[in-house]
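Each chain is listed here by its residues.
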Amino acid sequence: MNALLMADRFSRESVTSMIIVALLCTMIPFIFLAYYKSRTKAHISSFFIGMALYVAFAFIAEGLFHMLVFQGLSLSTILDRSSHPVYYAIYGAAVAGIFEEAGKYIGLKTCMKSHPGKQNAFLFGVGHGSFEAIAYGSSLFMGNIIIAFMVNSFGIDGYFEKLGTAGSDIAAQKQAIYDLMAISPIENVAAGTERMLALIFQASLTIFIFLAIHHSKLKSLFPIAILLHIIGYLPTYLAQVGILKNMMLSLGLTGVVIVFTASYAYRMYHQVSDS
């Protein structure tokens, strides 16, 4: 009987892991912001400009492009997530890479004119990645935490009664909750780690863009940044569509690209002049 009851509840370990990940995805960016500001002359506003540019390009511009592709050009059949998961994953990674890196390029060329220098550029990139971490880390986990508390308090049936949900959709929604229950604490931690790696990746790629803008011999770093972004995010998209079923493998593949990118960006950051 107890086993049956526990099957309809989120485990304490699962809820705890979600809370920890949600807090860290919110706190780490701002802790780093305070630390970096105390050690450099970078403007705090660079961080928030980076956040704003992420919203403008990753949410608004990219969202409008998706509408054009799926509705205006009627390519939803070719890029269907269920029928053609590989096409969908490649499309998602490619569009994200192009729009986000183009957003950084435009942001650094225009919005950051009053905040020159590589320190401000780096903080811009941290802000860019921080909004992504908060949007896809903190916000997602906070939503899951609310669901977990409600299900554990009222039961699954009581949860849907509180929401006033009825009809044929309940079976699918119940299955979604059972799938959420099945996610282990380790998988939650891995997802949070992925968000932090993505933050490092975004900041590192911003250095590529900064160098491409300010050093004529390094202009090729702009298309390289786009390509690295696509390669780095492709494992995540493949995992989302079920092609990569091992989350640790997905995290490892992404991590290799990020470590390579961050190492090169770190070296170049310290070798070039601050102009």
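Heads up: the structure comes first, above all this text.
Residues numbered from 1 in each chain as written. Predicted model: local features only at pLDDT ≥ 70, side-chain atom pairs only at ≥ 80, totals over all residues. Heavy atoms only, no water.

**Student:** Describe in detail the environment of glycine 50, supporting the description with residues and values.
**Tutor:** Tracing the sequence through the fold places glycine 50 in helix α3 (residues 44–72). For glycine 50, a relative accessible area of 0% corresponds to the buried category. As a C-alpha pair, glycine 50 and valine 151 span 101 residues in sequence and 37 Å in three-dimensional space. (Helix = DSSP H or I, 4+ residues; strand = E, 2+ residues; numbered from the N terminus. Buried < 20%, exposed > 50% of the residue type's maximum accessible area, 1.4 Å probe, protein only.)

**Student:** Quick one: what's the story with the pattern of salt bridges, residue by residue and with numbers?
**Tutor:** With the rule as written, the count across this model stands at 4 salt bridges. Two residues, glutamate 101 and lysine 104, come together in a salt bridge whose shortest N-O distance is 3.0 Å. Here glutamate 101 pairs with lysine 104, and both are found in helix α4 (residues 85–111), just 3 residues apart, close to one helical turn. Across the pair, lysine 104 and glutamate 101 agree in class, each one buried. (Salt bridge = Lys/Arg side-chain N within 4 Å of Asp/Glu carboxyl O.)

**Student:** Can you lay out the packing of α4 against helix α8 (residues 221–240) for me, pointing to particular residues and giving the numbers?
**Tutor:** Interhelical geometry of α4 versus α8 gives an angle of 140° and a closest axis separation of 8 Å. Comparing their axes, α8 and α4 come out oblique. Crossing angle aside, the handedness with which α4 passes α8 is right-handed. Along the contact surface, α4 presents Ala89, Ile90, Gly92, Ala93, Ala94, Ala96, Gly97, Ile98, Glu100, Glu101, Ala102 and Tyr105, while α8 presents Phe222, Ala225, Ile226, His229, Ile230, Tyr233, Leu234, Tyr237 and Leu238. Residue classes in the contact of α4 with α8 are distributed as 16 nonpolar, 3 polar and 2 charged. (Axes fitted to C-alpha atoms, helices over the stretch in contact; angles between N-to-C directions. Parallel < 35°, antiparallel > 145°, perpendicular 65-115°, else oblique. Left-handed = near helix turned anticlockwise from the far one by under 90°. Contact = heavy atoms within 4.5 Å. Nonpolar A, V, L, I, M, F, W, Y, C, P; charged D, E, K, R; others polar.)

**Student:** So what's going on with empty space enclosed by the protein? Residues and values would help.
**Tutor:** In the structure shown here, the tally under the stated rule is 1 cavity of 30 Å³ or more. In this structure, the largest cavity spans a volume of roughly 60 Å³. Taken together, Glu194, Arg195, Ala198, Phe201, Gly232, Tyr233, Thr236, Thr254 and Ile258 form the lining of the largest cavity. Elements with a minimum of two residues in the lining of the largest cavity: α7 (185–214), α8 and α9 (247–271). Considering each element in turn, the lining of the largest cavity owes the most residues, 4 residues, to α7. Considering only residue class, the lining of the largest cavity consists of 4 nonpolar, 3 polar and 2 charged. (1 Å grid on protein atoms, 1.4 Å probe; cavity = no way out; pocket = protein on both sides within 12 Å on 5 of 7 lines; lining within 4 Å. Points joined across faces, edges and corners; volume = space filled by probe spheres on them.)

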